[in-house]
Amino acid sequence: VPNYTLDFAVIAGLALAVAFYFGREFIFGADQATSAGFVAGGDDNDRDLKATLKKNNKNAVVFFGSQTGTAEDYATKLAKELHSKFGLSVLIADMADYDYDNFQDMNSDYLFFFLVATYGEGEPTDNAVEFFNWLEGDADQITNVKYTVFGLGNSTYEFYNAMGAKLNDRFEALGAERIAPYGQGDDGIGTMDEDFLSWKEECFDSLKNNLDLEEREVEYEPSFKLIEQDSQVASADGVSNGEPNKAYVDMSKDLSKGPFDHTHPYLAPVSTTRELFVSNDRSCVHAEFDISDSNLRYSTGDHLAIWPSNSNNNVSRFLECFGYSARKDEVFSLQALDTTVSIPFPVPITYEAAVRHHMEISGPISRQALASIAPFAPDEETKKEALRLGGDKVLFAKEIHDCNLNLSDALLKISKGTKWDSVPFVFLVELMPSLQPRYYSISSSSLSEKTSIHVTAVVEVEKFDDHIVSGVATNLLKDIEVHQNATKFAHNINYDLKGPKNKFSGFKLPVHVRRSTFKLPSNPGTPVILVGPGTGVAPMRGFVRERTRLLKQDSNVTIGKTLLFYGCRNSKEDFLYKEEWPEYAKELGDSFEMDVAFSRETDQKVYVQDKILARAETVDELLKNGAYVYVCGDASKMARDVQSTFVKIISTQRGLPEEKAAELVRSLKVQNRYQEDVW
Ligand code: FAD
């Protein structure tokens, strides 16, 4: 059965659901809306999963292991459908929120759905680390457990979907019963959404056919009740204007003290910015975050997470599309319709602040999102068109996805400019993924810059005939650079730089540090081979600064060879930190060497891997002397090409068959002597 046929059934169901939703609001009044029947997150004090399920009368769990928010977003949507279609009472569970030592005692009526992403080099996401430790360590037989898994991965990485597959295999080995096929999605070829939809359909078929669950019409039931706070004004104390969390709304605690993490950022002043490219329409921003007034610390090679907000244009267009422009400063609150549902952002809050600071409104829209919003279309013709596009994979790709439209652009295109002002705001709160921090490989050294964190970000912006597609965080950094240095940029996109109640003024941004395993060898005498084309040079700059600093501190210290391979288009436009490298070379002397590949300066394109190959003898010699290899940058092609180049070098230099050389490179990885930081 083609996907779209099934989807059409879903959409038809949704249409009925909306009629039900409006009817119910009318008949019962909003106060008596029934519980949505699922919960997000666990009880704060209760890490006992079994007890939580019992206490809240749940019979299914959708777990998410999520780094960038996609798995979490899918989990919320899956839970909602499991409830509305099959009447399951579902707990949405962050994998970090529970202990697993009594997993073997689970009631055999419970159903477990795992949506787990694989991060970096076949690693679990931060919130799934403890779960996998348990799974590979203390886990007993779990023959009572009924489960299925969907892995979120990227096929351009070597360990594609390693965590999803591991969970599935290990559960099978521990005797758990899989209730629906294992599925996986591939971000590398851009099919994640469609892969998830296909898996979900298979999964629902299995629930019907193997577990005899009965499917009902899909009914939209809000998970929250939206309460308009007419008596509140945006400027009142306690009203959120988009602060990152409650502590920032109340300013109740010392905000310069951590711990700082994905729930609580530090509001760091961006003390310095500068443009690194010489170009009218391409940009790469160097930004320095001052952490001297906080106890936020980092170590060289870590990542900085920047919490962005949406651009003025995208915010106004979104508010306009859904009829909230005139009401943007009005205040509302949310009440969870289940005691343990977590409200996605601090409330009370203004409509504009919720959109600007908490919703991912700029990115591409999924077919599922379009299908689910179609019933709220402003007129019949628009609804028909939205259902048609939402129900047809090929049409959707052609008319929406390939045109790089975000939600409001897509909806206004479909309705030919008519506002979608019948969409309940609470529906948007649930539909839009929450705005996620963006990660950057830190380009400073914690030894030489103890109280400052540098990042190097290439600005994602592309102009099409009728609209500009822009990345959220990088254009925010660029806007700061333009304001700080009074520069000009052809595609500058404006943001509210003062932030909620002016709390971000003085160019502050919320940030936290993510520890990484991308680290220099502890002995500075160990040789290193650094491969960092484009912004992949960011952590390499940190490493080189670290070694320079070490030598400055103690001129007797032996610094091992530092061989850096860098690549960019040409020497005049995008050669990052061009003026700094000769300085490092002066300080480090012969121990530092840099080879640069300019891909557009000669007829034949030259890349870092060509430069590495040209130095085959030196590279092999360094490897034999215990060198560590570091590769950073583009995951899709560069990292693989570089790895095969190392295989080739080892094979030719040592006269070994390629498989043997590939095995050697793999063993270097296991020993942490070949490290990657790719995205
Ligand atoms: P986003 O808003 O996340 O958008 C992503 C892309 O989608 C952009 O290209 C954008 O133009 C495009 N897009 C936006 N809207 C649409 C639409 N409607 N339809 C289609 N496409 C759309 N980056 C660096 O520059 N330097 C680093 O040092 C660095 N280090 C990293 C380290 C790690 C561990 C990771 C995971 C990533 C790293 N990145 C780095 C990438 C970085 O995290 C961001 O992904 C990148 O900067 C883009 O962020 P953004 O918010 O500007 O774009």
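Everything below is about the structure shown above.
If you're wondering where the values come from, they're calculated on a predicted model, not measured in any experiment.

Participant: Can you tell me about the overall build of the chain, naming the residues and giving the values?
Facilitator: Secondary structure summary: the chain contains 21 helices and 24 strands in total. In terms of overall dimensions, the chain is globule-like: its C-alpha atoms have a radius of gyration of 26 Å, near the 26 Å expected for 679 residues. Once the C-alpha set of the chain is aligned to its principal axes, its extents read approximately 80 × 60 × 50 Å. Each of the 679 residues in the chain was classed as buried or not, and the buried ones make up 57%. Put simply, 77% of the contacts in the chain that link residues at least 6 apart link residues at least 24 apart. Counting only carbon and sulfur atoms, one obtains 48% of the accessible surface of the chain, whose full area is about 28500 Å². Of the side chains in the chain, 71 bear a positive and 102 a negative charge, and the two mean positions are spaced by 4 Å.

Participant: Break down the packing of helix α3 (residues 70–86) against helix α6 (residues 192–211) for me, citing the residues and quoting the values.
Facilitator: When two helices pack together, you describe them by how their axes are tilted relative to each other and by the distance separating the axes. At a minimum axis distance of 12 Å, the contact between α3 and α6 shows a crossing angle of 30°. When the interaxial angle is binned, α3 and α6 end up roughly parallel. When the axes of α3 and α6 are compared, the crossing they make is right-handed. Between α3, through Y74, L78, E81, L82, K85 and F86, and α6, the contact on the second element is made entirely by M192, D193, F196, W199, K200, F204, L207 and K208.

Participant: Could you give an account of a negative patch on the surface, with specific residues and numbers?
Facilitator: Taken together, the side chains of D48, D101, D105, D138 and D140 define an acidic patch exposed on the protein surface. One can find D138 in the loop between α4 (129–136) and β6 (146–153).

Participant: Give me the sheet that holds strand β15 (residues 438–441): which residues, what numbers.
Facilitator: Here 6 strands make up an open sheet; going across it, the order is β15-β12-β19-β10-β11-β16 and the pairing antiparallel. The sheet is open, and its two edges are formed by β15 and β16 (452–458), each paired on a single side. Between one strand axis and the next, the sheet turns through 40° on average, direction left out of account. As paired elements, strand β12 (residues 303–306) and strand β19 (residues 508–514) share 4 bridges and run antiparallel to each other. What sits directly across from L304, in β19, is V513.

Participant: A description of the sheet that holds strand β20 (residues 528–531) should follow, citing residues and the corresponding values.
Facilitator: The strand order across the open sheet built from 5 strands is β22-β21-β20-β23-β24, with neighbouring strands paired in parallel fashion. At either margin of the open sheet sits one strand with a lone partner, and together these are β22 (592–598) and β24 (674–678). Going across the sheet, the axis of each strand differs from the next one's by a mean of 10°, ignoring polarity.

Participant: I'd like to hear about unusual backbone geometry, residue by residue, with values.
Facilitator: P259 follows G258 through a cis peptide bond whose omega is -5°. The topology assignment puts P259 in the loop between α7 (246–250) and β10 (266–275). Cis geometry marks the peptide bond from V347 to P348, where omega comes out at -5°. Here P348 lies in the loop between β13 (331–336) and β14 (349–350). Positive phi values are uncommon outside glycine, yet N404 reaches one of about 55°. Following the sequence through the fold, N404 ends up in the loop between α12 (393–399) and α13 (407–414). For N404, a relative accessible area of 32% gives the class partly exposed. Here N672, not a glycine, exhibits a phi torsion of approximately 65°, which is positive. Following the sequence through the fold, N672 ends up in the loop between α21 (658–670) and β24.

Participant: Which residues make up the site of the ligand, and what are the values?
Facilitator: In the vicinity of the ligand, 25 residues are found, and the nearest of them are Y439, Y440, E460, A473 and T474. Measuring from an oxygen atom of the ligand, one finds a backbone N or O atom of Y439 at 2.6 Å. Every element with two or more residues in the shell around the ligand is listed here: β15, β16, β18 (468–470) and α15 (472–485). The element that contributes the greatest number of residues to the shell around the ligand is β15, accounting for 4 residues. Grouping the constituent residues of the shell around the ligand by class yields 12 nonpolar, 11 polar and 2 charged.

Participant: For the pattern of salt bridges, give the residues involved together with the corresponding values.
Facilitator: Scanning the model with the defined rule gives 47 salt bridges in all. A salt bridge links K200 to E81; the shortest N-O distance between them is 2.6 Å. Highlighted residues: K200 in helix α6 and E81 in helix α3, separated in sequence by 119 residues. When sorted by exposure, K200 lands in the same class as E81, which is buried. One salt bridge connects E215 with K85, and the closest N-O pair in it is separated by 2.8 Å.

The rules we used
- Residues numbered from 1 in each chain as written.
- Predicted model: local features only at pLDDT ≥ 70, side-chain atom pairs only at ≥ 80, totals over all residues.
- Heavy atoms only, no water.
- Helix = DSSP H or I, 4+ residues; strand = E, 2+ residues; numbered from the N terminus.
- Rg over C-alpha atoms; globule rule 2.2 N^0.38 Å.
- Buried < 20%, exposed > 50% of the residue type's maximum accessible area, 1.4 Å probe, protein only.
- Contact = heavy atoms within 4.5 Å.
- Areas by Shrake-Rupley, 256 points an atom, 1.4 Å probe, with all protein chains shown as cover.
- Lys, Arg positive; Asp, Glu negative; His and termini not counted.
- Charge placed at Lys NZ, Arg CZ, Asp CG, Glu CD.
- Axes fitted to C-alpha atoms, helices over the stretch in contact; angles between N-to-C directions.
- Parallel < 35°, antiparallel > 145°, perpendicular 65-115°, else oblique.
- Left-handed = near helix turned anticlockwise from the far one by under 90°.
- Patch = residues over 30% accessible without salt bridge, like charges linked within 9 Å, V, L, I, M, F, W, Y side chains within 5 Å.
- Salt bridge = Lys/Arg side-chain N within 4 Å of Asp/Glu carboxyl O.
- Pairing = 2+ DSSP bridges.
- Near = heavy atom within 4 Å.
- Polar contact = N/O pair within 3.5 Å; in protein donor to acceptor, adjacent residues only side chain to side chain.
- Nonpolar A, V, L, I, M, F, W, Y, C, P; charged D, E, K, R; others polar.

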